[in-house]
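Listed here are the chains, written in short residue letters.
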Amino acid sequence: MNEYPCGIIRDLLPLYYDNVCSKESRQAVEEHLHTCPACQKELQKLTNDLIIPERKGQTEEEKKVMEFSSFLRSFREKSYRKGLYIGIITALLLTVITFYLFPLLIVDTGSGMFALLLLIPAFCFLTAFLFGLLAGIQWLYPLLIAALFLPTIWIYYNSSAWIYVIPYTILALVGNLTGGLIRKFVLKHKNRP
Ligand SMILES: [Zn+2]
């Protein structure tokens, strides 16, 4: 039933497509479309014209989101690596000073005890704490500290001093965990809107 000429139907097609025409118009368009392949084609064209830019827009949008998130990720990785490098250098420097220079201050048993029981453990913990803040929790860190301490046993102390490697390693572990957890908490807090 071709009640309306194609011209009127084509004028209505955009409204029909957008679903903003009256029920009567809608019905008229649908009835016309059933019998008019030319207008069907016109509707198809309209659909393609409207859908393709929309798809393009979506992928454009998606691209932007992807670019932004990869930018953020790369920045986070970079700053993480930066923190890791600075942390490793700082920790190595402080640990070498603690383990290899502080014993030079030892002149008698009293100063020896002070160094081994207070000064070195305190620096061990503080260095590990600082390292944790900069580089996060690193499970190899306490082993590195143990490895750095061991040669000093033969350089500065007698063989019975090996026992100190246990508290120093534990302090390094606890310090690293504490600093690393605080870093995690701060980063999480900072990222909140
Ligand atoms: Zn028609």
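Predicted model only: the values in this text are computed from it and were never measured.

The rules behind each value
- Residues numbered from 1 in each chain as written.
- Predicted model: local features only at pLDDT ≥ 70, side-chain atom pairs only at ≥ 80, totals over all residues.
- Heavy atoms only, no water.
- Patch = residues over 30% accessible without salt bridge, like charges linked within 9 Å, V, L, I, M, F, W, Y side chains within 5 Å.
- Areas by Shrake-Rupley, 256 points an atom, 1.4 Å probe, with all protein chains shown as cover.
- Salt bridge = Lys/Arg side-chain N within 4 Å of Asp/Glu carboxyl O.
- Helix = DSSP H or I, 4+ residues; strand = E, 2+ residues; numbered from the N terminus.
- Buried < 20%, exposed > 50% of the residue type's maximum accessible area, 1.4 Å probe, protein only.
- Donors = N, O, S within 2.8 Å, 3.2 Å for Na, K, Ca; no water.
- Tetrahedral: all angles 85-135°; square planar, octahedral: opposite > 155°, others 65-115°.
- pLDDT = per-residue confidence, 0-100.
- Contact = heavy atoms within 4.5 Å.
- Lys, Arg positive; Asp, Glu negative; His and termini not counted.
- Charge placed at Lys NZ, Arg CZ, Asp CG, Glu CD.

J.: Requested: an account of a nonpolar patch on the surface, with residues and values cited.
T.: A surface patch of nonpolar side chains, amounting to about 680 Å² of accessible area, comprises Trp139, Trp162, Ile163, Ile166, Ile170, Leu173 and Val174. Examined against the element boundaries, tryptophan 139 turns out to sit in the loop between α4 (109–135) and α5 (141–156). In this structure tryptophan 139 comes out as exposed when scored by relative accessible area, which is 59%.

J.: Tell me what's going on with the coordination of the zinc ion, and back it up with residues and numbers.
T.: Coordination sphere of the zinc ion, protein contribution only: Cys6 (SG), His32 (NE2), Cys36 (SG) and Cys39 (SG), at 2.0 to 2.3 Å. Bound by 4 donor atoms, the zinc ion shows angles of 94 to 116 degrees at the metal and therefore tetrahedral coordination geometry. Spacing between the donor residues of the zinc ion along their common chain follows C-x25-H-x3-C-x2-C. Highlighted residues: cysteine 6 in helix α1 (residues 6–18) and cysteine 39 in helix α3 (residues 37–101), separated in sequence by 33 residues. Residue cysteine 6 is classed as partly exposed on the basis of its relative accessible area of 28%. Since its relative accessible area comes to 0%, cysteine 39 is described here as buried.

J.: I'd love a proper account of the pattern of salt bridges, names of residues and values included.
T.: Opposite charge on two side chains permits them to pair, given that their charged atoms come into close proximity. Overall, the coordinates contain 3 salt bridges when judged by the stated rule. For glutamate 42, the salt bridge is made with arginine 10, and the minimal N-O distance between the two is 3.9 Å. Highlighted residues: glutamate 42 in helix α3 and arginine 10 in helix α1, separated in sequence by 32 residues. For the salt bridge of lysine 45 with glutamate 42, the shortest nitrogen-to-oxygen distance reads 4.0 Å. A residue pair is termed a helical-turn pair when its members lie 3 or 4 positions apart in one helix, as lysine 45 and glutamate 42 do in helix α3 at 3 residues. Residue lysine 45 is classed as partly exposed on the basis of its relative accessible area of 49%. Within this structure, Arg10, Glu42 and Lys45 form a network of salt bridges that share partners.

J.: Would you mind going over the confidence of the model for the protein in detail, with residue names and values included?
T.: Summary statistics for the protein give a mean pLDDT of 85 and a share of 84% for residues scoring 70 or more. When pLDDT is averaged over each helix and strand of the protein, the minimum, 76, is found for α3 and the maximum, 94, for α5.

J.: Tell me about the side chain of threonine 127, and please be specific about residues and values.
T.: Relative to the assigned elements, threonine 127 resides in helix α4. Every residue in contact with threonine 127, bar those within four places of it in the chain, is listed here: Ala91, Leu94, Thr95 and Tyr141.

J.: Run through a negative patch on the surface, naming residues and quoting values.
T.: A cluster of like negative charges, contributed by Glu60, Glu61, Glu62 and Glu67, occupies part of the molecular surface. Checked against the element boundaries, glutamate 67 lands in helix α3.

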